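# Close look at the chain arrangement
This is what each chain is made of:
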Amino acid sequence: MESDAELISRSLTGDGEAFMEVIFRHEAAVGVYLARRAGREAAEDLLGEVWIAAFESRGAYDGSFAVARPWLFGVAHNRLRRYWRSRPVEDLVPDVTVLAQGWDPWPAVDRRVDTQTVLRAALARLKPEEREVLTLVAWEDLTVADAARALGMPLGTGRRLLHQARLALRNAPGVAALLTASTA
Amino acid sequence: MDLLSRLKDVEPPRPEAFNQARMVLGAAMTNSARTNAGPGLAPTPEPAPERAQSRARHRRLTVASRRGIGFGIGIGVAAAAVAAALVITSTPQPSANTGHQSAGSKPASASASPKPSSAPSSAPLTENSQLMSLASYIMANDSALPGNASLVLSKQYNDSTVPDNVGYSLYTDSGDYYWSPAESGLPAAIAQHENIADGVDAKEKAAALYAVNGDLTTARDMMVNALPNPFALGLGPAGRKALQKKLAAQYAANLRNPIYVKAFGKRKFVGIPTGKALQSGIDNYLWNNSVDALTQAGGNPQIRAGVLRLLSTVSAVTVGNSTTDGKPTLILTAGPEVFGGAPSDQVLTIDAKTGIPIKSVGGIPGQAPSSVVTYQVSRVTVADIEAGKF
């Protein structure tokens, strides 16, 4: 199977199907990434813009990376930043309540509500860049190296931010108790 | 990190949103190919009116909470995006009945609400004999209709053995539609009157029922017109003129919309399509709407027979024999012609004796499928489901 890098390279020579294949491979992951950060409705609106932005910027893709998913997350992240900037002033405070809100079936919700409230509050206290690295690793299954690549930062910075985020999360009110409970 | 994963669950974008996004990309790629004088993208087909685009928009606007929609459409439709450009603005209404019914034919049932068209939608029809035979066989041997609703369990797999989406859809014979991600959620949906039918399904079913014994040209028009489209099927001169005017107004409005212009470019006004684009568009709508009807009301043998008769008239759909879990099945393949020439197909597997849908596979021909949807169709009574008797 051709790598993403090869497909992107082919797309630069006129093969549109090659780029569409890259999208097919990663659209589910990028769609969920957007939904976790902006909610499903906004994610659905943003997805097409992310693909266009990726298509337009594919000439700058670093072909030494075989897998394009971190790059697509980066493109999506930039589009999200624009989206957040375009929101009304009253919405500028990061609204982590939309993070990872799902369609949880009602069974078990009671038990989970408190946990989720505590975790969302802890996430809200993180610095934005710490939160981004942490969630890329925890939710999108990226390595810290790929998360750093997605966010356009050196690997060392990514590692430091992840370390800081973990520490801050562990020390956040209520999380310690959850950690104890989850390992009990 | 494990603890944090508890916040990981999220409702993903709906399948039609992915389709829509790919359409936007496809249009941008097409535009890029046309505007770049240098090395560009491979040429793409002339824009064909794509039902997938309008469908996604329609669903989005009318039934925001209609989860599970898209199962019947299939990801295969998505790559039709490359050709997508024409914005659908109007629902042509068939004009006066001029008697296109075949001699001796009659509507399948009172609920079919036949609305014959005043103009044929295409050249004389050629019918696939295998599908026509199966339709006749179903009507002769499988006319029982127990219960008063079809219960459809749909499981969508993208690239894993674990389904990405599971949905229980209850389509009542009276036209209501209830959905839940779990069977146990249906009683509450019924009790709380969460009927999410949007009227399109009823039109699709009416067209399928009419096709059982009615004139197929008329039935085709009815099925295509279940959704807004620019094809002007069944419209007289005045209706065509009004539709053209609406399309022109929509075109002008689109050009004032920077997002649209960015996605699709400043295309030349097309209006009511003609020739190959018209045929491709009609096939696209006919296939998708018919598959919708089959996957929603597949418990009803009349619906199945009508849909098979309709699909038998789509020349771009091929039929082959196969076996699935030891049972004889038919494979209906809608090739790229159905999707505006885009590199995309959809393969529908149905029971060779009953026509009941079993599986839909969408993707790019010759490559691993991008989406697989399986169906389990049964007949039930609404009262039993409401009482939790599954």
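Sequence order as written defines the numbering, with residues in each chain counted from 1. Written order decides the labels, with chains lettered from A and ligands numbered from 1. Given that the model is predicted, a residue must reach a pLDDT of at least 70 before its local features are reported, and side-chain atom pairs must reach 80 or more before they are shown or counted; all residues, however, enter totals for whole chains, interfaces and linings. Water and hydrogen atoms play no part in the side-chain values, which are based on all heavy atoms of the structure.

## Observations concerning the nonpolar core
The condition that has to hold: As used here, the term nonpolar core means buried Ala, Val, Leu, Ile, Met, Phe, Trp, Tyr and Cys residues forming a set that is joined through side-chain atoms within 4.5 Å. Relative accessibility under 20% of the residue-type maximum defines a buried residue, over 50% an exposed one, and the middle range a partly exposed one, all with a 1.4 Å probe and only protein chains included. Secondary structure follows DSSP: runs of H or I at least 4 residues long count as helices, runs of E at least 2 residues long count as strands, and numbering of each begins at the N terminus. Note on definitions: a residue-residue contact is assigned when non-hydrogen atoms from the two residues lie within 4.5 Å.
Formed by 60 residues in total, the largest nonpolar core has its most connected members in Phe19(A), Val30(A), Leu34(A), Trp51(A) and Trp71(A). Of all the elements, helix 2 (residues 16–38) of chain A adds the most residues to this core, at 13 residues. Not counting the four nearest positions on each side in its chain, Phe19(A) is found in contact with Leu7(A), Ile8(A), Ser11(A), Trp51(A), Ala54(A), Phe55(A), Arg58(A), Trp71(A), Leu25(B) and Met29(B). Of all hydrophobic cores here, the second largest spans 44 residues; its members include Ala207(B), Ile303(B), Ala305(B) and Val317(B).

## A short note on the packing of helix 3 (residues 129–141) of chain B against helix 10 (residues 301–311) of chain B
All names here are of chain B. The condition that has to hold: Note on method: axes are straight lines fitted to C-alpha atoms, helices fitted across the in-contact stretch only, with angles between N-to-C directions ranging 0 to 180 degrees. Our angle categories are set so that under 35 degrees counts as roughly parallel, over 145 as roughly antiparallel, 65 to 115 as roughly perpendicular, and the remainder as oblique. Left-handed describes a crossing in which the near helix is turned anticlockwise from the far one by less than a right angle; the clockwise case is right-handed. Note that Gly is not counted as nonpolar here; it falls among the polar residues with everything else outside the nonpolar set of Ala, Val, Leu, Ile, Met, Phe, Trp, Tyr, Cys and Pro and the charged set of Asp, Glu, Lys and Arg.
Remark: helix 3 packs on helix 10, axes separated minimally by 8 Å, with the N-to-C direction vectors making an angle of 165°. One element, helix 3, and the other, helix 10, form an angle in the roughly antiparallel class. Note on packing geometry: the crossing formed by helix 3 with helix 10 is left-handed. Of the residues in helix 10, those touching helix 3 at Leu131, Met132, Leu134, Ala135, Ile138 and Met139 are Pro301, Gln302, Arg304, Ala305, Leu308, Arg309 and Leu311. The residue inventory of the contact of helix 3 with helix 10, partitioned by class, reads 10 nonpolar, one polar and two charged.

## Some points on helix 3 of chain B
Residue and element names in this part refer to chain B. Definition in use: A helix is expected to span 1.5 Å for every residue after the first. The arc in question is the one traced by the directions running from the helix axis out to the C-beta atoms. Identification of polar contacts relies on pairs of N or O atoms within 3.5 Å, with a donor-acceptor requirement for protein atoms, meaning one able to donate a hydrogen and the other able to accept it, and with residues adjacent in sequence counted only if both atoms are side-chain atoms.
The end-to-end C-alpha separation of helix 3 is 18 Å, in line with the 18 Å expected for 13 residues at 1.5 Å each. By the burial criterion, the buried members of helix 3 are Leu131, Met132, Leu134, Ala135 and Ile138. Along helix 3, the residues classed as buried sweep out an arc of 160° about the axis, all on the same side. With respect to the buried face of helix 3, the exposed residues turned more than 90 degrees away are Ser129, Ala140 and Asn141. Turning to helix 3, the residues buried within the fold contact helix 6 (216–224), helix 10, strand 4 (317–324), strand 5 (327–334) and strand 6 (345–351). For helix 3, the N-terminal capping position is held by Asn128, with its side-chain oxygen 2.9 Å away from the main-chain nitrogen of Gln130.

## Description of the pairing of strand 8 (residues 371–380) of chain B
All names here are of chain B. Here is the rule: Any two strands are treated as partners once DSSP identifies two or more bridges connecting them.
For strand 8, the tally of buried residues reaches seven of 10 residues, placing the bulk of the element in the interior. The pairing of strand 1 (residues 149–157) with strand 8 spans nine bridges and is classified as antiparallel. By the bridge assignment, Ser150 is partnered in strand 8 with Arg379. As paired strands, strand 7 (residues 357–363) and strand 8 are joined by four bridges and run antiparallel to one another. In the strand pairing of strand 8, Lys359 is matched with Thr374.

## Focus on the confidence of the model for chain A
Residues and elements named next belong to chain A. How we decide: On a scale of 0 to 100, pLDDT captures the predictor's confidence in every residue.
Scored by pLDDT, chain A has a mean of 76; 76% of the residues are at 70 or more. For chain A, the element scoring lowest by mean pLDDT is helix 9 (residues 175–183), at 58; helix 1 (residues 4–11) scores highest, at 91. Under a pLDDT of 50 for its full length, residues 88–113 has, in the predicted model, 43 contacts with residues more than four places off or in other chains.

## Comments concerning the pattern of salt bridges
Close approach of charged atoms allows side chains of opposite charge to pair. Stated precisely, the cut-off is as follows: Any carboxyl oxygen of Asp or Glu that lies within 4 Å of a side-chain nitrogen of Lys or Arg is treated as forming a salt bridge with it.
Counted under the stated rule, the structure contains 15 salt bridges over all chains. Between Glu2(A) and Arg10(A) there is a salt bridge whose closest N-O contact spans 2.1 Å. Assessed through its relative accessible area of 31%, Arg10(A) is described here as partly exposed. Of the charged contacts, one joins Glu27(A) and Arg22(B) as a salt bridge, the two residues approaching to 2.4 Å between their closest N and O atoms. Placement of Glu27(A) in helix 2 and of Arg22(B) in helix 1 (residues 15–35) is noted, with the two residues assigned to different chains. Assigned by exposure class, Glu27(A) and Arg22(B) land together as buried. One network of salt bridges, in which partners are shared, links Arg40(A), Glu41(A), Glu44(A), Glu11(B) and Arg14(B).

## What to know about unusual backbone geometry
Residues and elements named next belong to chain B. One non-glycine residue, Ala232, lies in the positive phi region at around 60°. By the element assignment, Ala232 lies in the loop between helix 6 and helix 7 (237–255). With a relative accessible area of 5%, Ala232 lands in the buried category. One non-glycine residue, Asp325, lies in the positive phi region at around 50°.

## Brief notes about the packing of helix 6 (residues 128–138) of chain A against helix 7 (residues 144–151) of chain A
Residues and elements named next belong to chain A. Close contact between helix 6 and helix 7 brings their axes to 9 Å; oriented N to C, the two are set at 130°. Relative to helix 7, the element helix 6 is oriented oblique. Here the hand of the crossing between helix 6 and helix 7 comes out right-handed. Residues Glu132, Val133, Leu136 and Val137 of helix 6 form the contact with helix 7, whose participating residues are Val144, Ala147, Ala150 and Leu151. Here the contact of helix 6 with helix 7 is composed, by residue class, of seven nonpolar, no polar and one charged.

## Quick word on the packing of aromatic side chains
Selection rule: Note on aromatic pairs: the rings of Phe, Tyr and Trp (six-membered ring only in Trp) are paired at centre separations within 6.5 Å, and the planes decide the class, stacked below 30 degrees, edge-to-face beyond 60, tilted for the rest. Here, a charge over a ring is recorded when the distance from Lys NZ or Arg CZ to the ring centre is within 6 Å and its angle to the ring normal is within 35 degrees.
This structure, assessed with the given rule, holds six aromatic pairs over all chains. Taking 5.4 Å as the distance between ring centres and 70° as the angle between the ring planes, the aromatic pair formed by Phe19(A) and Phe55(A) counts as edge-to-face. Linking Phe19(A) in helix 2 with Phe55(A) in helix 3 (residues 40–57), this pair joins segments that are 36 residues apart in sequence. This pair shows no difference in class: Phe19(A) is buried, exactly as Phe55(A) is. A ring pair is formed by Tyr251(B) and Phe269(B), whose centres lie 5.2 Å apart and whose planes are at 55°; its orientation type is tilted. Taken together, the positions of Tyr251(B) in helix 7 and Phe269(B) in the loop between helix 8 (258–264) and helix 9 (275–296) put the pair 18 residues apart, joining distant regions of the chain. Over the aromatic face of Phe55(A) sits the side chain of Arg58(A), whose NZ or CZ is 4.0 Å from the ring centroid.

## Some points on the pairing of strand 6 of chain B
Residue and element names in this part refer to chain B. Most of strand 6 is tucked away, with seven of its seven residues classed as buried. Side-chain alternation along strand 6 places Asp345, Val347, Thr349 and Asp351 on one buried face and Gln346, Leu348 and Ile350 on a second face that is also buried. As defined by bridge partners, strand 5 adjoins strand 6 across six bridges and the pair is classed as antiparallel. Bridge assignment links Ala334 to a residue of strand 6, and that residue is Gln346. In this structure, strand 6 lies alongside strand 7, joined through six bridges in antiparallel fashion. The partner of Gln346 across the bridge, within strand 7, is Gly362.

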